[in-house]
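Report on the structure
Chain residues, written in single-letter form:
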Amino acid sequence: MNEKAYKAMTLAGSANIAIGIVIAVVGITAGVISIVSGARLLKEKKGLIF
């Protein structure tokens, strides 16, 4: 009986670690893309004349 509980906890823990790593990578990637896009917009703003 206890063995099933330990297997379930191990599987849940492993899944949580894997999901956490994926979310961290996606977050870092989205942050880098946002910074690059913002820098590009600020650079292009200098040449804008009204």
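The coordinates are above.
These notes cover the structure that comes with them.

What to know about the overall build of the protein
- Of the regular secondary structure elements, the protein holds one helix and zero strands.
- A compact globule built from 50 residues should have a C-alpha radius of gyration of about 10 Å, whereas the protein, at 22 Å, is more than 25% larger.
- Taking all 50 residues of the protein together, 0% fall into the buried category.
- Just so you have it, the protein exposes about 4,800 Å², and 73% of that area is on carbon and sulfur atoms.

Examining a nonpolar patch on the surface
- On the surface, a cluster of nonpolar side chains totalling about 300 Å² of accessible area is made up of Ile17, Ile21 and Val25.
- Assignment of secondary structure puts Ile17 in helix α1 (residues 2-45).
- Classification of Ile17 by relative accessible area gives exposed; the value is 57%.

As for α1
- Taking 1.5 Å of rise per residue, the 44 residues of α1 would be expected to cover 64 Å, and the 64 Å separating its terminal C-alpha atoms lies within 8% of that figure.
- Buried residues are scarce in α1, accounting for zero of its 44 residues.

Criteria and thresholds
Residues numbered from 1 in each chain as written. Predicted model: local features only at pLDDT ≥ 70, side-chain atom pairs only at ≥ 80, totals over all residues. Heavy atoms only, no water. Helix = DSSP H or I, 4+ residues; strand = E, 2+ residues; numbered from the N terminus. Rg over C-alpha atoms; globule rule 2.2 N^0.38 Å. Buried < 20%, exposed > 50% of the residue type's maximum accessible area, 1.4 Å probe, protein only. Areas by Shrake-Rupley, 256 points an atom, 1.4 Å probe, with all protein chains shown as cover. Patch = residues over 30% accessible without salt bridge, like charges linked within 9 Å, V, L, I, M, F, W, Y side chains within 5 Å. Salt bridge = Lys/Arg side-chain N within 4 Å of Asp/Glu carboxyl O. Expected span 1.5 Å × (residues − 1).

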